[in-house]
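# Structure at a glance
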Amino acid sequence: MTMILDAALNPAEIENLPSRDLAGTTCVVFDVLRATSSMITGLANGVAEIHPAATIEQALALRAELPDAILGGERNGDRIEGFDIGNNPLEYAALRGRRIITTTTNGTVALRACERAGRVLVGALLNVAAVAAALAGTENVLLVCAGTFETFALEDAIAAGELASHFPGASLTDAARACVASARAFASPLDGLLASRNGQSLAGRGWRAQVEWCAQLSRFDSVGVMTGGIIRAL
Ligand code: MLT
């Protein structure tokens, strides 16, 4: 069996995913700066559950059902007014045993768009090797690059390309090949993240340490799996 690796590279494609038949597909969702990096940091540090919500209203409704949950997320990179935490991965490192509800501009939207797929995994540079191991024996893989607002985001393609590089025998679509080329274009993931629009914007806001955190390759062996709209460690 040859693995087929495809990629969805921008939010317009992601918006159409709910109308596609993905029953036989494993989606790996990347929002490296910063949503999925925050989630993996949380799971690796003992967070019990993450509930991704597409909108602020949905996050607030979930919190009414789960009053003990931490409410996190961002809009324009900033913590949402009245929420407990923002989207800084380091905030997610100190919530052992907790349940988090989070809504972000692109990352949580992309995750929810994949919810009818056969399997949904949370991808980041932080856990590339672990995700690759979890994909062993999988036939159809869609690398879902969450992007930024309405556009492609380089850092997501870099992480998807790092993952694709673990499968030299796979059959790659042009979109997946573009991810591999994105990863190969830089001497290191950090170089790539610092060249990206999001990396520059975060660094410009004094958050370079967060970019450096998210650029660490395979620091954690945690894989997040979303089932019934809830992400837990595999
Ligand atoms: C997103 O989901 O769009 C990002 O994670 C945004 C961010 O962290 O600033």
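Residues numbered from 1 in each chain as written. Predicted model: local features only at pLDDT ≥ 70, side-chain atom pairs only at ≥ 80, totals over all residues. Heavy atoms only, no water.

Turning next to the packing of aromatic side chains. Scanning the model with the defined rule gives one aromatic pair in all. Considering the side-chain rings of tryptophan 213 and phenylalanine 220, the 6.1 Å spacing of their centres and the 50° angle between planes classify their relative orientation as tilted. Phenylalanine 220 gets classed as buried once you look at its relative accessible area, which sits at 13%. (Phe/Tyr/Trp six-rings, centres within 6.5 Å; stacked < 30°, edge-to-face > 60°. Buried < 20%, exposed > 50% of the residue type's maximum accessible area, 1.4 Å probe, protein only.)

Bringing the side chain of aspartate 156 into the picture now. Structurally, aspartate 156 can be placed in helix α6 (residues 154-164). Of the side chains with opposite charge, arginine 34 lies nearest to the buried aspartate 156, which makes no salt bridge, at 11 Å. (Helix = DSSP H or I, 4+ residues; strand = E, 2+ residues; numbered from the N terminus. Lys, Arg positive; Asp, Glu negative; His and termini not counted. Salt bridge = Lys/Arg side-chain N within 4 Å of Asp/Glu carboxyl O.)

What surrounds the ligand is the set Asp31, Leu33, Arg34, Ala35, Glu74, Gly77, Asn87, Thr104, Thr105, Asn106 and Gly107. Residue aspartate 31 places a side-chain N or O atom 2.8 Å away from an oxygen atom belonging to the ligand. In the model, an oxygen atom of the ligand is placed 3.0 Å from a nitrogen or oxygen of the alanine 35 main chain. Relative to its free-state accessible area of 270 Å², the ligand is covered by the protein chains to the extent of 90%. Among the residues forming the shell around the ligand, the class breakdown is two nonpolar, six polar and three charged. (Near = heavy atom within 4 Å. Polar contact = N/O pair within 3.5 Å; in protein donor to acceptor, adjacent residues only side chain to side chain. Areas by Shrake-Rupley, 256 points an atom, 1.4 Å probe, with all protein chains shown as cover. Nonpolar A, V, L, I, M, F, W, Y, C, P; charged D, E, K, R; others polar.)

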